[in-house]
Amino acid sequence: MPENRVYITRQVGNEAIALLEQKYKVEIWDSEEPIPKETLLTAVGGISGLFCTVSDIIDAGILEAAGPQLKVVATMSSGWDNVDVAECRRRGIEVCKTPDIAADAAADIAVALILMTSRNIVQGIDAIRQNLFHCWKPFWLCGSGLINKTIGILGFGRVGFGIARRIKPFGVERILYNDLEEIEYAENCAQYVSLDTLFSSSDILCICCGVNSLTKGMVNSKLLQRMKRTSILINTSRGVVVNHDDLAEALSDGTIAAAGLDVTDPEPLPVGHPLLTQPKCVILPHMGTNTAETRVAMSVNTAKNILAVLN
Ligand SMILES: O=C(O)C(=O)CO
């Protein structure tokens, strides 16, 4: 019987590789940079397991190039929108992801973005770097506090729940959420409201839903116009949930006060994109899960997912 081969699309740490090597022949694109599509198409030929990351697009072409013996695509991410899951299912290929492990780190980064945008932290850092801080001034760079505010959460999964738990002790008045349906475990910390109420009532609105046909492009000018002019939009989900042209317009015409984005569409935004120079917009380079502990755990979990399927 031919040996099972596993292909890893990036440097993902020795622990995960060692786990897989105990049982399978492992090949790696040994780089921090993504594997070129053409190289991946050749590399996957004949493999049984594919270990990929959030920035690798695993489409029907890659699955076809791998061949019918491919049994598992395991993505080192909490979302699997980078994988054509429907096509995998059609071909009988298991798809695995790592949602539990990444949620705390992602919730942390949402809170960081909330504080950065509401308290003008980036402007403060810029002022220091540009030597613009000459003395304390009563109203310079004044932001807005969290006390008595209403926090909205779109998508009350693990990350949404994590944000609610973290933000409550800041003294917020209400935490509202919207999801496909009311969620039992949300009961004690957040209140279910309609999408319309979520957008119109929140002082800070955090997007942490998954990507699907309902949420793709969901946050557009129509919803942004429902928001308060003083409100802040935070996105730690996926860039595609927000229409970026509409967001750029909403920030420049004062429809909303600020935005904090850990994710954009595309990533990175092209040079010259209006959001890159919009002072009311803080953009991070998709750092939601980037604690060393989380990334190692995600990588090891991805390896275990492959082992679980192939075994
Ligand atoms: O886990 C994910 O889904 C990410 O976006 C990257 O960690």
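Above this text sits the structure in question.
Now for a look at the structure at hand. Given the structure is predicted, the values throughout are model-derived calculations rather than measurements. (Residues numbered from 1 in each chain as written. Predicted model: local features only at pLDDT ≥ 70, side-chain atom pairs only at ≥ 80, totals over all residues. Heavy atoms only, no water.)

Points about the nonpolar core
Working step 1: Formed by 32 residues in total, the largest nonpolar core has its most connected members in Ile151, Ile153, Phe156 and Ile163.
Working step 2: Every element with two or more residues in this core is listed here: α5 (99-118), β6 (150-154), α7 (158-167), β7 (174-178), β9 (204-207) and β10 (232-235).
Working step 3: Per-element accounting of this core gives the leading share, 9 residues, to α5.
Working step 4: Ignoring sequence-local partners within four residues, the contact set of isoleucine 151 consists of Leu146, Ile167, Val172, Arg174, Ile175, Leu176, Ser202, Ile204 and Cys206.
Working step 5: If you look at the next biggest cluster of nonpolar residues, it comprises 26 residues, including Leu154, Leu198, Met227 and Leu233. (Core = buried A, V, L, I, M, F, W, Y, C linked by side-chain atoms within 4.5 Å. Buried < 20%, exposed > 50% of the residue type's maximum accessible area, 1.4 Å probe, protein only. Helix = DSSP H or I, 4+ residues; strand = E, 2+ residues; numbered from the N terminus. Contact = heavy atoms within 4.5 Å.)

Some points on the layout of surface pockets
Working step 1: Taken as a whole, the second largest pocket encloses approximately 260 Å³ of empty space.
Working step 2: Taken together, 14 residues form the lining of the second largest pocket, with Arg119, Gly124, Trp140, Leu141 and Cys142 sitting closest to its centre.
Working step 3: Its residues assigned to classes, the lining of the second largest pocket comprises 9 nonpolar, 3 polar and 2 charged. (1 Å grid on protein atoms, 1.4 Å probe; cavity = no way out; pocket = protein on both sides within 12 Å on 5 of 7 lines; lining within 4 Å. Points joined across faces, edges and corners; volume = space filled by probe spheres on them. Nonpolar A, V, L, I, M, F, W, Y, C, P; charged D, E, K, R; others polar.)

Overview of the packing of α5 against α7
Working step 1: Put simply, α5 and α7 touch, their axes get as near as 8 Å, and they point 50 degrees apart. With respect to each other, α5 and α7 are oriented oblique. By crossing handedness, the relation of α5 to α7 is classed as right-handed. Across the interface between the two elements, Pro99, Asp100, Ala103, Asp104, Ala106, Ala107, Asp108, Ala110, Val111 and Ile114 from α5 touch Arg158, Val159, Gly162, Ile163, Arg165, Arg166 and Ile167 from α7.
Working step 2: Considered class by class, the residues forming the contact of α5 with α7 number 10 nonpolar, 1 polar and 6 charged. (Axes fitted to C-alpha atoms, helices over the stretch in contact; angles between N-to-C directions. Parallel < 35°, antiparallel > 145°, perpendicular 65-115°, else oblique. Left-handed = near helix turned anticlockwise from the far one by under 90°.)

Concerning the site of the ligand
Working step 1: Around the ligand sit Val54, Ser77, Ser78, Gly79, Arg238, His286, Thr289 and Met298, and those are all the residues in its vicinity.
Working step 2: Take serine 78: an N or O atom from its main chain is 2.7 Å from an oxygen atom of the ligand.
Working step 3: One of the backbone N or O atoms of glycine 79 is found 3.0 Å from an oxygen atom in the ligand.
Working step 4: When the ligand is considered free in solution it has 230 Å² of accessible area, and contact with the protein chains removes 92% of it.
Working step 5: Per-class residue counts for the shell around the ligand are 2 nonpolar, 5 polar and 1 charged. (Near = heavy atom within 4 Å. Polar contact = N/O pair within 3.5 Å; in protein donor to acceptor, adjacent residues only side chain to side chain. Areas by Shrake-Rupley, 256 points an atom, 1.4 Å probe, with all protein chains shown as cover.)

What to know about the pairing of β9
Working step 1: Side chains Ile204 and Cys206 project from β9 onto one buried face, and the interleaved Leu205 and Ile207 project onto a second face that is buried too.
Working step 2: In this sheet, β9 lies alongside β6 in parallel orientation, the contact comprising 4 bridges. Residue leucine 154 lies in a different strand from β9, and its bridge partner there is isoleucine 207.
Working step 3: When β9 meets β10, the two strands line up parallel, connected through 4 bridges. Following the sheet pairing, leucine 205 is matched in β10 by leucine 233. (Pairing = 2+ DSSP bridges.)

Comments concerning the sheet that holds strand β12 (residues 281-283)
For sheets, the rule is that strands pair by backbone hydrogen bonds, running either parallel or antiparallel.
Working step 1: Taking strand neighbours across the sheet as the criterion, the 7 strands line up as β8-β7-β6-β9-β10-β11-β12 in an open arrangement whose pairing is parallel. The open sheet terminates on both sides in strands that have one partner only, identified here as β8 (191-192) and β12.
Working step 2: In the packing of helix α10 (residues 244-252) onto the sheet, the strands contacted are β10, β11 (258-261) and β12, and the crossing angle to β11 comes to about 145 degrees.

So, the state of the cysteines
Working step 1: Going through the model one piece at a time under the given rule, you end up with 0 disulfides.
Working step 2: Of all cysteine sulfurs, the one in cysteine 135 lies closest to cysteine 142, which takes part in no disulfide; the gap is 14 Å.
Working step 3: The thiol of cysteine 281 is not disulfide-bonded; the next cysteine sulfur, from cysteine 206, is found 14 Å away. (Disulfide = S-S within 2.5 Å.)

Some words on the packing of aromatic side chains
Working step 1: Per the stated rule, a full pass over the model turns up 6 aromatic pairs.
Working step 2: Residues phenylalanine 156 and tyrosine 177 carry aromatic rings whose centres are separated by 4.7 Å and whose planes lie at 40 degrees to one another, so their mutual orientation is tilted. In this pair, phenylalanine 156 is assigned in the loop between β6 and α7 and tyrosine 177 in strand β7, connecting sequence segments 21 residues apart. Across the pair, exposure class does not vary: phenylalanine 156 and tyrosine 177 are buried alike.
Working step 3: With 5.4 Å between their ring centres and 70 degrees between their planes, tyrosine 177 and tyrosine 192 make a pair best called edge-to-face. Of this pair, tyrosine 177 sits in strand β7 while tyrosine 192 is found in strand β8, placing the two residues 15 residues apart along the sequence.
Working step 4: The exposure class assigned to tyrosine 177 is buried, which follows from its relative accessible area of 2%.
Working step 5: In this structure tyrosine 192 comes out as partly exposed when scored by relative accessible area, which is 30%.
Working step 6: Every member of this aromatic cluster is reached through a ring pair, and the members are Phe156, Phe161, Tyr177, Tyr185 and Tyr192.
Working step 7: The ring of tryptophan 80 carries the charged tip of lysine 97 above its face, separated from the ring centre by 4.2 Å.
Working step 8: The cationic tip of lysine 137 hangs over the ring face of tryptophan 140; the distance from NZ or CZ to the ring centre is 4.8 Å. (Phe/Tyr/Trp six-rings, centres within 6.5 Å; stacked < 30°, edge-to-face > 60°. Lys NZ or Arg CZ within 6 Å of the ring centre and 35° of its normal.)

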